Each structure stands twice: as structure tokens, then as C-alpha cells.
Amino acid sequence: MVQAKSWILAKHFDGFPKNSDFNLKVEELPEPKNGEVVLEAVFLSVDPYMRPFSKLYMKEGDVMIGTQVAKVIQSKNSAFPVGSHVVSSCGWRTHSISDGKDLTPVISDWPKDVSLSLALGAIGMPGLTALHGLEDVLGLKEGETLLVNAAAGAVGSVVGQIAKIKGCKVVGSAGSEAKVAFLKELGFDEAFNYKTVSSLEEALRKASPDGYDCFFENVGGHFSNVAFQQMKNFGRVAVCGSISIYNDSTPQIGIFPHMTINHKQLKIEGFQDTRWKHKDAESLKRLMAWCKQGKLQCREHITKGFENMPAAFMGMLKGDNIGKAIVAV
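Predicted model, so just to flag it, every value in this text is computed and none were measured.

**A closer look at the overall build of the protein chain**
In step 1: Secondary structure assignment for the protein chain yields nine helices and 15 strands.
In step 2: Taken over 329 residues, the protein chain has a buried fraction of 53%.
In step 3: Considering only residue pairs separated by 6 or more positions, the protein chain has 67% of its internal contacts joining residues 24 or more positions apart.
In step 4: In the structure as shown, the protein chain presents an accessible area of about 15400 Å², 52% of it carried by carbon and sulfur atoms.
In step 5: Charge separation in the protein chain, taken as the distance between the mean sites of 37 positive and 35 negative side-chain charges, equals 1 Å.

Here is the structure:
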């Protein structure tokens, strides 16, 4: 019998999450049936989407949603032999049983010198989100100027690097001097700390006086309203997230930029990476190739210990991480 631990949503978040919103549950797993496997978590992901999705798709008492890289430790399914590794969407669990339908094997020729944790980051959902946002939503072209906010995060840092691979000018916004330094290490043409600039409008104009062809939006709120004013005519905006408003108890009522959108004839599109799931195998190989070539740097912020899942999640929402936030079991 395998003892499994899981983190439960004890209470829906009211504002910023608190430790009391989570409960740790311990249970014994039954033996796997024919066609099933027992998984042991190796790395778990904490991501911004978990905050709004918990309200949309979870009820109190559910296991917290999320993905993990897991090792198969028992198998009665020939497609997943013991010792193989998979990406699972089973949530915040140390161990789980699966019939295999929700499992994605890691790339078969995953290099031994590349950490499997990247399957939750640059060579996983965040990397795919960056790639599809740039190519399939924005249609980014060589020579264009791209703005990305939350640029030192799991998605934003990959966005900027892929845009540089494509021969674009990249401007990034982040929330600390350490993050700005990181963006410059990655090759961003311009980077600034939105918390310390005297005027966001002036900072954006100084970084690109001619404006922006494309905007990869991760933040929402005030930043969006100001950035829309800096877009070129016929500019394109990919709305990936809005982390600035995820923890609001009362929905923000901001400036409505409809006149700007109309006047500049902007194209604005929300998206999720799952729309292009049929392209995942090819896209992951491209991301891995860039990583192996040194064109894609993959910074991680690793917290050790399954017991620290809530702390890692809350730290990520506060912006403690540079790059992808990961929990190593």
C-alpha cells in the first residue's frame, strides 16, 4: 500500500490566498487495477492560472489543481512501464493512480543533462503558451517590436527569448531590479522595473519611441490601459493572463480603452495553449532544440518539499520567482 499526501482547497480564496485556505490530507492508495499505474510526483508546478481557475472549476474539498512530472512506480498498463516519466494533471498530490488517459509521456529522447522539471516550464505548458501566443495569435514578424509584461516569469521570459530568435526588438517589464538584470542577460533590448519608474507611459515611450507592433499581455489592469496607448496602428495584442487582478475581492473597474482600440484598429485576442494541442509534439521538439542550442535559457525558482506547496504558490503570486516556479518533492 502506498501512502499518498494531497493538498486540499479547504476554503475558496478571498483576496490573497492564506495558509488556512489549504489542508493536507493523507490516505492509503488501493492496488492498481488492470490498465492502471501508480505515480510518484518528482516535480510539481505552481502557476498563476491556479488562482482564477480554482474559483471557476473547483469546489471546497477538492485537491488543488495543477500538473506534475511523475515517475511510474507500479504499472498494469503496458504503455507506461515502471520507471518511465509522465506529465500528469492530477493536482497537488505526492502519489496517484491513473488509467493513463490523462498522462503525457515526456519526450522519448529527453536529454540526460536536461532536468525533467523543464517539462513543466520552458519545455512544457509555459513554453507552448509563449510559442503559440507569438506565432499563432500575434503572427510576430522579423523586425517588429514586441512588448511583454511579467517578462521575468515562466511564460514572459520564454516569450522574449523566442522573439529575439525571430529577429525582433523586445521590451520587457518586471517588478524588481534583479528581474530587470535577468531580462538583460536574456538579451532583451530594453527592460525596466514598473514599480520604480516615475511614469509607466514615459518608460514605455522611452523604450520604443515608435510604439509597439505586438503586446504579449500577462498582467492586465492599469498596465494594459497605458500600453494600448503606445500600440502602433493595426497592432496586435495576445491576452495570456491578468495576474494583477487575480487576487481582487472586488472586480476592478478601470478606464475602458475602446476608443483607443477603435482608433488604432487594434486586434486583441485571448488564448490558451490547449487550442493547439495537436501541435504539441512538434512544438516541444522545437523548444528543446533551442534549449540545447543555448538559444533558450531556462531559469527556475525551486522550492524543496511537498509540504511547502502552499508557500510556493503564494510566493509565486507575490512575484518571488525569477523564471518558472517549481516544487521538488
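**Some thoughts on the UniProt feature "domain: Enoyl reductase (ER)" (unreviewed entry) in the protein chain**
In step 1: In the numbering used here, UniProt assigns the "domain: Enoyl reductase (ER)" (unreviewed entry) feature to residues 15–327.
In step 2: Between the C-alpha atoms that bound residues 15–327 the distance is 23 Å, and the span itself is 28% helix and 25% strand.

**Considerations on the pattern of salt bridges**
In step 1: Tallying each qualifying case throughout the model produces 14 salt bridges.
In step 2: For K277, the salt bridge is made with D280, and the minimal N-O distance between the two is 3.8 Å.
In step 3: On the accessibility criterion, K277 (53% relative accessible area) is exposed.
In step 4: Residues participating in the shared-partner salt-bridge network are E135, K166 and R286.

**What to know about unusual backbone geometry**
In step 1: One non-glycine residue, A150, adopts positive backbone phi at about 45 degrees.
In step 2: Assignment of secondary structure puts A150 in the loop between β8 (145–148) and α3 (156–165).
In step 3: Despite not being glycine, F234 has its phi angle at roughly 65 degrees, a positive value.
In step 4: With respect to the helices, strands and loops of the structure, F234 is situated in strand β12 (residues 231–239).
In step 5: Given a relative accessible area of 53%, F234 falls into the exposed group.

**Things to note about empty space enclosed by the protein**
In step 1: Within the structure shown, the criterion is met by one cavity of 30 Å³ or more.
In step 2: Looking at the largest cavity, its volume works out to about 60 Å³.
In step 3: Lining the largest cavity, in full, are L118, G121, A122, A154, S157, V158, Q297, C298, R299, E300, G323 and K324.
In step 4: Classifying every residue of the lining of the largest cavity gives five nonpolar, four polar and three charged.

**So, the packing of helix α5 (residues 200–207) against helix α6 (residues 222–230)**
In step 1: α6 packs onto α5 with a crossing angle of 40 degrees between their chain directions and a minimal axis gap of 10 Å. The angle between the axes of α5 and α6 places the two elements in the oblique class. The element α5 and its partner α6 pack so that their crossing is right-handed. Within the contact between the two elements, α5 uses L200, E201, L204 and R205 and α6 uses H222, F223, V226, A227 and Q230.

**With respect to the sheet that holds strand β9 (residues 169–174)**
Note on sheets: strands pair through backbone hydrogen bonds, and any given pair is parallel or antiparallel.
In step 1: A sheet is described by the order of its strands in space; here six strands give the open sequence β10-β9-β8-β11-β12-β13, paired in parallel fashion. Both edges of this open sheet fall to β10 (190–193) and β13 (267–270), since each of them pairs with a single strand only. Between one strand axis and the next, the sheet turns by 15 degrees as a mean value, whatever way the strands run.
In step 2: α5 rests against β8, β9, β10 and β11 (212–217) of the sheet, and its axis sits at about 165 degrees to β10.

**Regarding the nonpolar core**
In step 1: In terms of nonpolar packing, the biggest core is built from 51 residues, with W110, I123, L146, L183 and F216 touching the most fellow members.
In step 2: Counting only elements with at least two residues in this core, the list comes to α2 (125–138), β8, α3, β9, α4 (177–186), β11, α8 (280–292) and β15 (324–328).
In step 3: A per-element tally of this core places α2 first, with six residues.
In step 4: Ignoring any residue separated from it by four or fewer positions in sequence, one finds L183 in contact with A151, A152, G172, S173, A174, F188 and A191.
In step 5: Grouped together as the second largest cluster of nonpolar side chains are 19 residues, M58, M309, F313 and A325 included.

**Some thoughts on α6**
In step 1: Judged by how many residues are buried, α6 sits mostly within the fold: seven of nine residues are covered.
In step 2: By the burial criterion, the buried members of α6 are F223, S224, N225, V226, A227, F228 and Q230.

**Describing α2**
In step 1: In a regular helix each residue adds 1.5 Å, so 14 residues correspond to 20 Å; α2 covers 18 Å between its end C-alpha atoms and thus fits that length.
In step 2: Of all the bends in α2, the greatest measures close to 30 degrees and is centred on H132.
In step 3: Across the 14 residues that make up α2, a large majority, eleven, are buried.
In step 4: Listing the buried residues of α2 in full gives P126, G127, L128, T129, A130, L131, H132, G133, L134, V137 and L138.
In step 5: The first or second residue beyond α2 is G139, which carries a positive phi of 60 degrees.

Rules used throughout
Residues numbered from 1 in each chain as written. Predicted model: local features only at pLDDT ≥ 70, side-chain atom pairs only at ≥ 80, totals over all residues. Heavy atoms only, no water. Helix = DSSP H or I, 4+ residues; strand = E, 2+ residues; numbered from the N terminus. Buried < 20%, exposed > 50% of the residue type's maximum accessible area, 1.4 Å probe, protein only. Contact = heavy atoms within 4.5 Å. Areas by Shrake-Rupley, 256 points an atom, 1.4 Å probe, with all protein chains shown as cover. Lys, Arg positive; Asp, Glu negative; His and termini not counted. Charge placed at Lys NZ, Arg CZ, Asp CG, Glu CD. UniProt positions renumbered as here; feature names shortened; annotations may be inferred. Salt bridge = Lys/Arg side-chain N within 4 Å of Asp/Glu carboxyl O. 1 Å grid on protein atoms, 1.4 Å probe; cavity = no way out; pocket = protein on both sides within 12 Å on 5 of 7 lines; lining within 4 Å. Points joined across faces, edges and corners; volume = space filled by probe spheres on them. Nonpolar A, V, L, I, M, F, W, Y, C, P; charged D, E, K, R; others polar. Axes fitted to C-alpha atoms, helices over the stretch in contact; angles between N-to-C directions. Parallel < 35°, antiparallel > 145°, perpendicular 65-115°, else oblique. Left-handed = near helix turned anticlockwise from the far one by under 90°. Pairing = 2+ DSSP bridges. Core = buried A, V, L, I, M, F, W, Y, C linked by side-chain atoms within 4.5 Å. Expected span 1.5 Å × (residues − 1). Bend = angle between axes of the 7 residues up to and from the residue.

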